[in-house]
Amino acid sequence: MASYLEKTKEAMNKFDMVTIIQVPRAENTNADALAHLATGLEERLLKTVLIEILEVPSIDKPEQVGSIVVHPCWMDPIISFLRDGTLPVDKFEAHRLRFRSARYFLDKGKLYKKGFHHQASYA
């Protein structure tokens, strides 16, 4: 069980944000049934819970990674211009990109749209 916990912690570190929610037993009957099965408290569960016996622990399986296809995004030229100053060859498109980019800024590699902050002053 400790190796599964370690793998879970490693996976969690790869995300920017992780939320863990405890599901009450009443709302998670499958997990509750498996918990009872594991502790041997209810033999009647053997008739209703599907059991898969693993020949080798699943933790030893090689890591499988799914590939993600990244398509071009409308933000790519703006980010490239703000980060590197890269402009399109076409003069009209370059002018248009400069104009559009003026409304955005980069912070730690993330693109943000500029906003106006108004502070009301009361006399």
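Residues numbered from 1 in each chain as written. Predicted model: local features only at pLDDT ≥ 70, side-chain atom pairs only at ≥ 80, totals over all residues. Heavy atoms only, no water.

**Notes on the side chain of Ser80**
Argument step 1. In this fold, Ser80 is placed in helix H3 (residues 75-84).
Argument step 2. Other than its neighbours up to four places away in sequence, Ser80 contacts Gly85 and Thr86. (Helix = DSSP H or I, 4+ residues; strand = E, 2+ residues; numbered from the N terminus. Contact = heavy atoms within 4.5 Å.)

**Here we look at the pattern of salt bridges**
Argument step 1. Taken as a whole and assessed by the stated rule, the structure comprises two salt bridges.
Argument step 2. With its nearest N and O atoms 3.4 Å apart, the salt bridge here joins Arg83 to Asp84. This pair shows no difference in class: Arg83 is exposed, exactly as Asp84 is.
Argument step 3. Close ionic contact of Glu93 with Arg96 constitutes a salt bridge, the shortest N to O distance being 3.6 Å. With Glu93 and Arg96 both in helix H4 (residues 91-101) and three residues apart, this pair spans about one turn of that helix.
Argument step 4. Classification of Arg96 as partly exposed rests on a relative accessible area of 41%. (Salt bridge = Lys/Arg side-chain N within 4 Å of Asp/Glu carboxyl O. Buried < 20%, exposed > 50% of the residue type's maximum accessible area, 1.4 Å probe, protein only.)

**Brief notes about the environment of Ser101**
Argument step 1. Mapped onto the elements of the fold, Ser101 is located in helix H4.
Argument step 2. Assessed through its relative accessible area of 2%, Ser101 is described here as buried.
Argument step 3. For the pair Ser101 and Phe81, spaced 20 residues apart in sequence, the C-alpha separation works out to 7.6 Å.

**What to know about H4**
Argument step 1. Buried within H4 are the following residues: Ala94, Leu97 and Ser101. Viewed end-on, H4 has its buried residues packed into an arc of 65°, placing them on one side of the element. Turned more than 90 degrees from where H4 packs its buried face, Lys91, Phe92, His95 and Phe99 sit exposed.
Argument step 2. Those residues of H4 that are buried lie in contact with H3 and strand E1 (104-107). (Arc of directions from axis to C-beta.)

**Structural notes on the packing of H3 against H4**
Argument step 1. At a minimum axis distance of 10 Å, the contact between H3 and H4 shows a crossing angle of 80°. When the axis of H3 is compared with that of H4, the two are roughly perpendicular. On the side of H3, the interface is formed by Pro77, Ile78, Phe81 and Leu82, while H4 contributes Leu97, Arg98, Arg100 and Ser101. (Axes fitted to C-alpha atoms, helices over the stretch in contact; angles between N-to-C directions. Parallel < 35°, antiparallel > 145°, perpendicular 65-115°, else oblique.)

**Re the confidence of the model for the protein**
Argument step 1. With 74% of its residues at a pLDDT of at least 70, the protein reaches an overall mean of 78.
Argument step 2. Taken element by element, the predicted model of the protein shows its lowest mean pLDDT in helix H2 (residues 29-39) (71) and its highest in H4 (94). (pLDDT = per-residue confidence, 0-100.)

**Observations regarding a nonpolar patch on the surface**
Argument step 1. There is a patch of nonpolar side chains on the surface, built from Phe15, Val18 and Ile20 and spanning about 330 Å² of accessible area.
Argument step 2. Note that Phe15 resides in the loop between helix H1 (2-12) and H2.
Argument step 3. By relative accessible area, which is 55% here, Phe15 ends up exposed. (Patch = residues over 30% accessible without salt bridge, like charges linked within 9 Å, V, L, I, M, F, W, Y side chains within 5 Å. Areas by Shrake-Rupley, 256 points an atom, 1.4 Å probe, with all protein chains shown as cover.)

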